[in-house]
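Tertiary structure, described
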Amino acid sequence: MEVLTSKRFEFSAAHRYWNPEWSAERNIEVFGKCTNSHGHGHNYVLEVTVAGAVDPVTGMVINVSELKRIVGRVLEGFDHKHLNEDTPYFRDCQPTTENIVQVLWSLIAPELPAGVRLHRLRLYETADIFADFYGGATANFGRNYQFSAAHRLDSPQLSPAENTELYGKCNNLKGHGHDYRFEVTVEGPVERETGMVINLVELDAAVRPLLDELDHTHLDLQHAFFVERPSTAEHVVAYLWQRLAAALGLRLRWIKLWETPNNIFEYGVHEP
Ligand code: NI
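Definitions and limits used
- Position labels on residues start from 1 in each chain and follow its written sequence.
- Confidence filtering applies because this is a predicted model: local features only for residues at pLDDT of at least 70, side-chain atom pairs given and counted only at 80 or more, and all residues used for totals across whole chains, interfaces and linings.
- The basis for every side-chain value is the complete set of non-hydrogen atoms in the structure, without hydrogens or water.
- In this description a helix means any DSSP run of H or I spanning at least four residues, a strand means any run of E spanning at least two, and both kinds are numbered starting from the N terminus.
- Each residue is placed in one exposure class: buried if its accessible area under a 1.4 Å probe, protein chains only, is under 20% of its type's maximum, exposed if it is over 50%, and partly exposed if it falls in between.
- We call two residues in contact when some of their heavy atoms are within 4.5 Å.
- Between Lys or Arg on one side and Asp or Glu on the other, a salt bridge is scored when a side-chain nitrogen of the former is within 4 Å of a carboxyl oxygen of the latter.
- For this analysis, a ring pair means two rings from Phe, Tyr or Trp (six-membered ring only for Trp) whose centres lie within 6.5 Å, classed as stacked if their planes differ by under 30 degrees, edge-to-face if by over 60, and tilted for the remaining angles.

1. Overview of the overall build of the protein chain
When helices and strands are counted, the protein chain shows nine helices and ten strands. Across its three principal axes, the protein chain shows a C-alpha extent of roughly 65 × 60 × 30 Å. Per-residue burial over the protein chain gives 46% buried out of 272 residues. A fraction of 68% describes how many contacts in the protein chain between residues 6 or more apart in sequence connect residues 24 or more apart.

This is the structure in structure tokens:
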């Protein structure tokens, strides 16, 4: 029996994006404020997920305190450092989330004990922006977005009595609402020149029209998609997918939707 075990770590570091092969104008156009010559910094959060068989004697995949020791030793080289200046890893590439997570993989994976393999690293640069790496030729980049909308669950295929019975309070005639939050994950090779799978500005531009369309509206009364079908979170995630796949193409990998902090729905090509 194989089990995935995850542990979360934190470190704080400074960094700066600058491609010396480019003009200053080009650097500022692509990297924006991240080009500040004095650097800026983040509270990074690293989620380490390992896979392995459960040891019949200890009942563990890996002793979490051993994982803490291994990753902690690696992160000593990053915590309270300037990633460009104080580490040797970003001389020829940008210290982007995508590149940092790959460097961390190369440092952590070989240190794991026999029978335990690194399954995934997820690195949060901020609470909303992250990169995933699985050790392959591509990485994932993702961001969280939110919109607020009213809706009412009511199926055109059911009678009023059946709708009330099925959806209960969510069938309230005048509707109710949520702060919907969703996480968009995009997959691709990490570009050598930028250190990115996708520029955050490009991802935001792809998502923006959807947010403008949905935010502060009534889903059922203002959007054709939900006139024909109940605005369940399953259908909301399907709609987000349809719209974002049109904007992002095959790079779109996964969407995770929180209808409330407690109700979570996911859809995608394959799990990130
Ligand atoms: Ni930054």
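2. So, the pattern of salt bridges
Scanning the model with the defined rule gives 14 salt bridges in all. Its salt-bridge partner being Asp 212, residue Arg 208 comes within 3.5 Å of it at the nearest N-O pair. A residue pair is termed a helical-turn pair when its members lie 3 or 4 positions apart in one helix, as Arg 208 and Asp 212 do in helix 6 (residues 200-214) at four residues. The class for Arg 208 is partly exposed, based on a relative accessible area of 45%. A salt bridge links Glu 213 to Arg 243; its shortest N-O distance comes to 2.1 Å. You can see Glu 213 sitting in helix 6 and its partner Arg 243 sitting in helix 9 (residues 233-248), a full 30 residues away along the chain. Relative accessible area serves as the criterion here: at 24%, Glu 213 is assigned to the partly exposed category. Take Arg 243: its relative accessible area is 28%, and that puts it in the partly exposed class. Overlapping salt bridges bring together Arg 122, Asp 132 and Glu 183 as one network.

3. Structural notes on unusual backbone geometry
A positive phi is found at His 80, a non-glycine position, where the angle reads about 55 degrees. Here His 80 lies in the loop between helix 2 (64-75) and strand 3 (81-82). Since its relative accessible area comes to 65%, His 80 is described here as exposed. Its identity is not glycine, yet His 216 carries a phi of approximately 55 degrees, on the positive side.

4. Side note on the environment of Gly 268
Following the sequence through the fold, Gly 268 ends up in strand 10 (residues 263-268). The residues touching Gly 268, leaving out its near neighbours within four places in the chain, are Trp 241, Arg 253 and Trp 254.

5. Details of the packing of aromatic side chains
Counted according to the given criterion, the structure contains 15 aromatic pairs. On the numbers, 5.4 Å between centres and 65 degrees between planes, the contact of Tyr 17 with Phe 31 is edge-to-face. Placement of the pair is Tyr 17 in the loop between strand 1 (2-15) and helix 1 (24-31) and Phe 31 in helix 1, with a sequence separation of 14 residues. A relative accessible area of 6% means that Tyr 17 is categorised as buried. A relative accessible area of 5% places Phe 31 in the buried class. When the ring of Tyr 124 is compared with that of Phe 130, the centres are 5.5 Å apart and the planes differ by 55 degrees; the resulting orientation is tilted.

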